[in-house]
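Each chain is listed here by its residues.
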Amino acid sequence: MIQNVSNIPEKELFEGLRARFIHTENVTIGHVTIDKGAVLPEHAHIHEQITHIVAGELEMTVNNQTNVLSAGMSVTIPSNVIHSAKALTNCQVIDTFCPVREDYK
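Below or above, wherever it landed, is the structure these notes cover.

Reading the values: rules and limits
Residues numbered from 1 in each chain as written. Predicted model: local features only at pLDDT ≥ 70, side-chain atom pairs only at ≥ 80, totals over all residues. Heavy atoms only, no water. Helix = DSSP H or I, 4+ residues; strand = E, 2+ residues; numbered from the N terminus. Contact = heavy atoms within 4.5 Å. Pairing = 2+ DSSP bridges. Axes fitted to C-alpha atoms, helices over the stretch in contact; angles between N-to-C directions. 1 Å grid on protein atoms, 1.4 Å probe; cavity = no way out; pocket = protein on both sides within 12 Å on 5 of 7 lines; lining within 4 Å. Points joined across faces, edges and corners; volume = space filled by probe spheres on them. Nonpolar A, V, L, I, M, F, W, Y, C, P; charged D, E, K, R; others polar. Phe/Tyr/Trp six-rings, centres within 6.5 Å; stacked < 30°, edge-to-face > 60°. Buried < 20%, exposed > 50% of the residue type's maximum accessible area, 1.4 Å probe, protein only. Lys NZ or Arg CZ within 6 Å of the ring centre and 35° of its normal.

What follows covers the environment of Ser84. One can find Ser84 in strand β9 (residues 83-87). Non-local contacts of Ser84, meaning those with residues more than four positions away in its chain, are made with Leu40, Pro41, Glu42, Glu59, Met60 and Thr61.

Right, dumping it as structure tokens:
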């Protein structure tokens, strides 16, 4: 199935963090826009996650280790690992989750 991401309704997950989601039987892919200064609070979930930075700089803390990620960088987050993020600039991110994020449907 071919989809134009811009035609997918955008969901605001947190203040300053919006996403458009594509779901298959096994994965969820989020095309995420994060405003400078927006904070994703510390949390964990059962899903494995890969966050890929398309544009901007994102400070991410995964399992108590903080790094600044920029365009072209990715981070893998295992299931049930505590993580958080803060946008140092406006960011474009692609998040991939396995299994599917039923809560984002």
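What follows covers the sheet that holds strand β4 (residues 39-43). The four strands lie next to each other as β4-β9-β6-β7, forming an open sheet whose pairing is antiparallel. Strand pairing shows two members of the sheet lacking a second neighbour, β4 and β7 (65-70), which therefore form its edges. The sheet shows a mean angle of 15° between the axes of neighbouring strands, taken without regard to direction. Here β4 pairs with β9 via three bridges, running antiparallel. When the bridges of β9 are listed, Val39 appears paired with Lys86.

Of the voids in this model, the largest pocket is the one considered here, and its volume is about 260 Å³. Looking at the largest pocket, it is lined by 22 residues, and the ones nearest its centre are Leu17, Leu40, His43, Gln49 and Asp95. For the lining of the largest pocket, the elements supplying multiple residues, two or more each, are β1 (11-14), β2 (17-23), β3 (28-34), β4, β5 (48-55), β6 (57-62), β9 and β10 (91-98). Partitioning the lining of the largest pocket into residue classes produces 16 nonpolar, four polar and two charged.

Here the structure, examined in full by the defined rule, presents two aromatic pairs. The interplanar angle of 25° and the centroid separation of 4.5 Å between the aromatic rings of Phe21 and Tyr104 together place this pair among those described as stacked. Taken together, the positions of Phe21 in strand β2 and Tyr104 in the segment after β10 put the pair 83 residues apart, joining distant regions of the chain. Each member of the pair, Phe21 as well as Tyr104, is classed as buried. Members of the aromatic cluster, joined through ring pairs, are Phe21, Phe97 and Tyr104. A cation over a ring is seen here: Arg101 above Tyr104, with NZ or CZ 4.1 Å from the ring centre.

These values are about where atoms sit, not about what they do.
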